[in-house]
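# Residue-level structural notes
Now for the letters of each chain:
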Amino acid sequence: MFRSRLKSVLFHTFNLSVILGIVWVHILILSPESLEDIEGQKFNNKVPKDLLDQVVAAIDSGNSFECSEEALNQYLGSIISAKESDGIGQFIQFKGLFVRLLEGQFDLIFVREAFGNTFTSSVRFTMSSKDSGIEIKVRSGRYGNLQVPGGFMNLMRSGIMRVGNVLGIEKKILSRPLSVKLRDGWIRLDPRLSLSPEN
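Quick caveat, the model's predicted, so the values are computed rather than measured.

### Notes on the environment of G185
- Structurally, G185 is set in the loop between β7 (179-183) and β8 (186-190).
- As for G185 and F106, which are separated by 79 residues in sequence, their C-alpha atoms are 9.5 Å apart.
- Filtering out sequence-adjacent residues up to four positions away, G185 remains in contact with C67, S68, E69 and L101.

Encoded structure:
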């Protein structure tokens with residue numbers, strides 16, 4: 001009888017733990033990621049309209065080019081205006097796409113609004129320089145404040161693909177043999193460094 005009661009207590013404890021875990025995961029997902037550390041969220045028209053031309057001109061002339069997180073987000077805000085699919089567009093509104101530049105990596109953050117609440121989802125990428133251009137890989141991601149491995153970011157694949165389609169010219173630039181350096185709040189592109197091993 002004691003064993004049956006113990007099994008019953010353990011069973012109910014396990015079920016309660018599962019329920020609490022599910023509730024906690026939903027709370028994390030529905031809690032938007034903090035964006036306070038991201039520069040350039042509000043459009044201020046300070047970024048030169050020929051920013052892309054400046055990048056190309058610098059690279060073609062063999063010079064390095066540095067861009068701040070603020071300038072990059074201002075540039076993205078001026079060219080990206082995403083729209084949700086017709087099925088969910090009446091409930092969810094796209095509010096913005098932002099980049100957080102970190103040491104050797106960056107976050108791409110989608111901000112949406114539904115029923116008066118803000119929701120975020122983000123992907124963390126790593127960047128490295130290769131002879132064929134800049135290689136970008138998914139490292140991890142977040143749904144709200146829930147951090148997940150990169151393999152769980154498939155739900156964001158369509159949104160990332162749409163952004164990639166808009167940034168066609170920028171992707172061509174990054175496919176050139178460049179050296180890239182990411183640090184907190186800045187990105188530096190340098191075509192002058194040889195990426196091939198010396199003989």
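### With respect to the pattern of salt bridges
- The tally for this structure, following the rule as stated, stands at eight salt bridges.
- Between E33 and R100 there is a salt bridge, with its nearest N and O atoms 2.9 Å apart. Residue E33 is found in the loop between α1 (2-30) and α2 (51-60), and its partner R100 is found in strand β2 (residues 92-102); the two are separated by 67 residues along the sequence.
- Among the ionic pairs, E66 bridges to R188, the shortest N-O distance being 3.3 Å. Here E66 is found in strand β1 (residues 65-68), whereas its partner R188 is found in strand β8, with 122 residues between them in sequence.

### Examining the packing of aromatic side chains
- Scanning the model with the defined rule gives one aromatic pair in all.
- Ring plane angle 20 degrees and centroid distance 5.1 Å describe the contact between F106 and F125, whose orientation is recorded as stacked. In this pair, F106 is assigned in strand β3 (residues 105-114) and F125 in strand β4 (residues 117-130), connecting sequence segments 19 residues apart.

### What to know about the pairing of β8
- Two elements, β1 and β8, share four bridges in a ladder whose sense is antiparallel. In the strand pairing of β8, S68 is matched with W186.
- Bridging between β7 and β8 involves five bridges; their strand directions are antiparallel. In the sheet register, V180 faces β8, and the bridge partner there is L189.

### Looking at a nonpolar patch on the surface
- On the surface, I19, V23, W24 and I27 cluster together into a nonpolar patch covering about 400 Å² of accessible area.
- Counting through the fold element by element, W24 comes out in helix α1.

Conventions and cut-offs
- Residues numbered from 1 in each chain as written.
- Predicted model: local features only at pLDDT ≥ 70, side-chain atom pairs only at ≥ 80, totals over all residues.
- Heavy atoms only, no water.
- Helix = DSSP H or I, 4+ residues; strand = E, 2+ residues; numbered from the N terminus.
- Contact = heavy atoms within 4.5 Å.
- Salt bridge = Lys/Arg side-chain N within 4 Å of Asp/Glu carboxyl O.
- Phe/Tyr/Trp six-rings, centres within 6.5 Å; stacked < 30°, edge-to-face > 60°.
- Pairing = 2+ DSSP bridges.
- Patch = residues over 30% accessible without salt bridge, like charges linked within 9 Å, V, L, I, M, F, W, Y side chains within 5 Å.
- Areas by Shrake-Rupley, 256 points an atom, 1.4 Å probe, with all protein chains shown as cover.

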